[in-house]
Protein chains: 2
Amino acid sequence: MRYCALVEYDGTGYFGFQRQRQKPTIQEELEQAIEAVSGQETTIIGAGRTDSGVHASGQVIAFEIAWQHAASDLLKAINASLSRAIAIREIKETEPSFHPRFDATARRYEYYIYNKPVRSPLRRHHCWHVIKPLDLDLLNRAASMVQGEHDFATFGRPPVGENTVRKVLLAEWNDRKGFLVFTIEATAFLNRMVRSLVGTMKAVGEGRWSTESFLAALEACDRSRAGQTAPAHGLYLVSVSYE
Amino acid sequence: MRYCALVEYDGTGYFGFQRQRQKPTIQEELEQAIEAVSGQETTIIGAGRTDSGVHASGQVIAFEIAWQHAASDLLKAINASLSRAIAIREIKETEPSFHPRFDATARRYEYYIYNKPVRSPLRRHHCWHVIKPLDLDLLNRAASMVQGEHDFATFGRPPVGENTVRKVLLAEWNDRKGFLVFTIEATAFLNRMVRSLVGTMKAVGEGRWSTESFLAALEACDRSRAGQTAPAHGLYLVSVSYE
C-alpha cells in the first residue's frame, strides 16, 4: 500500500531532509520510525529536499508498506515513534503511481524576518533577526520583479541535468505581527534560491541596493551577482500543490 | 547607578529564574553577563521567580553597577555577553529605592494551549499540546470564577510568611490563531498557581469537571482538591505593572 503524508518538522539540529551518512536527517528519522512501526524497510520520497536547518509545516512524503489497520492508526503509531521535532500531520492512502516530487505542480515557502533593534530569545530558532529597519514597499518592489518566468541563475544552482529557468507564481512581503514574511510560490526552485533572494532583497529593504541593481542582478544570470544568502532557520516549506 | 531592565527568555533548559547551586538559571546567566561587561559583581533582583522551564517576555529586573556610558550601550554589551536564550529588551536608569518585586502592583501571565489532534513540532517548546477539544465557553466560565479576591490555597502554596489570599484583576481565555490562550493578571501569585489553575480548568474545558466542581474546589481552600498542574513550557511572564 502506498501512503501520502503531510509532515511538519523543526529543522534545528538536522542536516536537512535528505539522508546523509552519519548525520541526523529528517528522511532517516522518518524511515526509522516507519520501520519500527511496520517491521518493514522502506524508502520515503519527499516533495522538497529542504536544506540543513530549514523547517517545514507542509512537506509531503510518500512511502510503501503493508499495513492492515486504518491510516489514522498508522499516523499515531509513526508519531509515537518519531522524535518530538518531527510529526506526521495527515496521512492517506494514495495511488501506486503517486510521486511527491515529480507530480508536484508548485511549492510554497515562507521566510520570517524579525525586524527589531533587539533580538528575541523566544523566536531565535524560527526567524532571521535583522536589526536595521527594512522598507516593506521596497521589499515588495523587488519581490514583484521576480514574479513570472525568469532565468534565476543569479540566485541558485539547478539540480544536475536541469536548467535555471523557474516560474514564480507568487512573491510578496507582508507585515505579520512584528515579522516581515516573504511568501513565494513557484513551480520549482533552484538550490538556495529562496534564501539567496531573501538575502538580496534585504539589501534592497535596507536601502543599500536600489531596485534597479536588484533587477540588473536578476537579469545578469550570474551567481556571483547575488547578495548574501539568508540563514536557514527563517525558512519554511509550507505547502506543495498537486493537480 | 541602579538600572531597571525588561528581560525576555526562553526557559527551556533552565532551572527557573532564581539562582541555584550547580544548575543553569536565568539569574546566574544575567549576573555573569553583567559582571563580564562591568567587571563588577552584582546581585540582580527579579519581579517574578519563574519556575523551571517557564518563559518570560516581560520579566523586570534591577541591579546596581558603576557605568560611565549610555544605558543603550549597556544593553548592547550585556546582550552580546548573554546566551542566545536570554536578552535584555529595554534598560533605563532608575531610583536607588526601586525594587522590582516589592514595588510591583500586578503581574500578568499567559498560558498557551495547542488544542489540536496532532502535535506541532515547531511549537513544541512553547505550548502545551492538548488533544481533546476544549470548550472555550466552559473555560471562560471557570476563569470568571477566579476573578476578584479569593483564598487560592487550592491552587498553590504561598512564599514563607505570606497567606494564600490573592486578588485576580483579569482572567480570561481567548482563541488566538489556533492556540487557546489564558491571560491572568493578579496583584501577586502563589507558587504554581497559574499552572494549577490551567490544569484544573482544562478538565472543565474537556467536560470532565463541571464548573460547579471547579468552584467547589476553589472554595475548599485545599491543595489536594486541585486538578493536574499544567506543564511549565506553556507559561509566560508577560508583564509587570508599577505605580
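Reference entry: report on the structure contained in this document. (Residues numbered from 1 in each chain as written. Chains lettered and ligands numbered in written order. Predicted model: local features only at pLDDT ≥ 70, side-chain atom pairs only at ≥ 80, totals over all residues. Heavy atoms only, no water.)

What follows concerns the environment of Leu122 of chain B. If you trace the backbone, Leu122 of chain B turns up in the loop between strand S5 (104-114) and strand S6 (128-129). Considering only alpha carbons, one finds Leu122 of chain B and Gly48 of chain B, 74 residues apart in sequence, at a separation of 27 Å. The contacts of Leu122 of chain B, once residues within four sequence positions are left out, are Glu8, Tyr9, Asp10, His55, Ala56, Ser57, His126 and Tyr236 of chain A. (Helix = DSSP H or I, 4+ residues; strand = E, 2+ residues; numbered from the N terminus. Contact = heavy atoms within 4.5 Å.)

It is worth spelling out the interface of chain A and chain B at this point. Contacts between the two partners involve 27 residues from chain A and, on the opposite side, 27 residues from chain B. Buried surface at the junction of chain A and chain B, both sides included, amounts to about 2,100 Å², of which 53% is carbon and sulfur. Its largest share of buried area at the contact with chain B, chain A owes to Arg89, Arg119 and Leu122 of chain A, together 34% of the area lost on that side. On inspection of chain A and its partner chain B, the count reaches two salt bridges. Among the salt bridges present, the one from Asp10 of chain B reaches Arg124 of chain A, with a minimum N-O distance of 2.9 Å. Linking chain A to chain B there are 12 residue pairs in polar contact (both at pLDDT 80 or more). Looking at the side of chain A that touches chain B, the elements with two or more residues in it are strand S1 (2-9), strand S3 (55-64), helix H2 (71-81) and strand S4 (86-94) of chain A. Taken together, the residues of the side of chain A that touches chain B break down into 13 nonpolar, six polar and eight charged. (Buried area = accessible area lost by both parts, 1.4 Å probe. Salt bridge = Lys/Arg side-chain N within 4 Å of Asp/Glu carboxyl O. Polar contact = N/O pair within 3.5 Å; in protein donor to acceptor, adjacent residues only side chain to side chain. Nonpolar A, V, L, I, M, F, W, Y, C, P; charged D, E, K, R; others polar.)

These results come straight from atomic positions and should not be treated as a statement about function.
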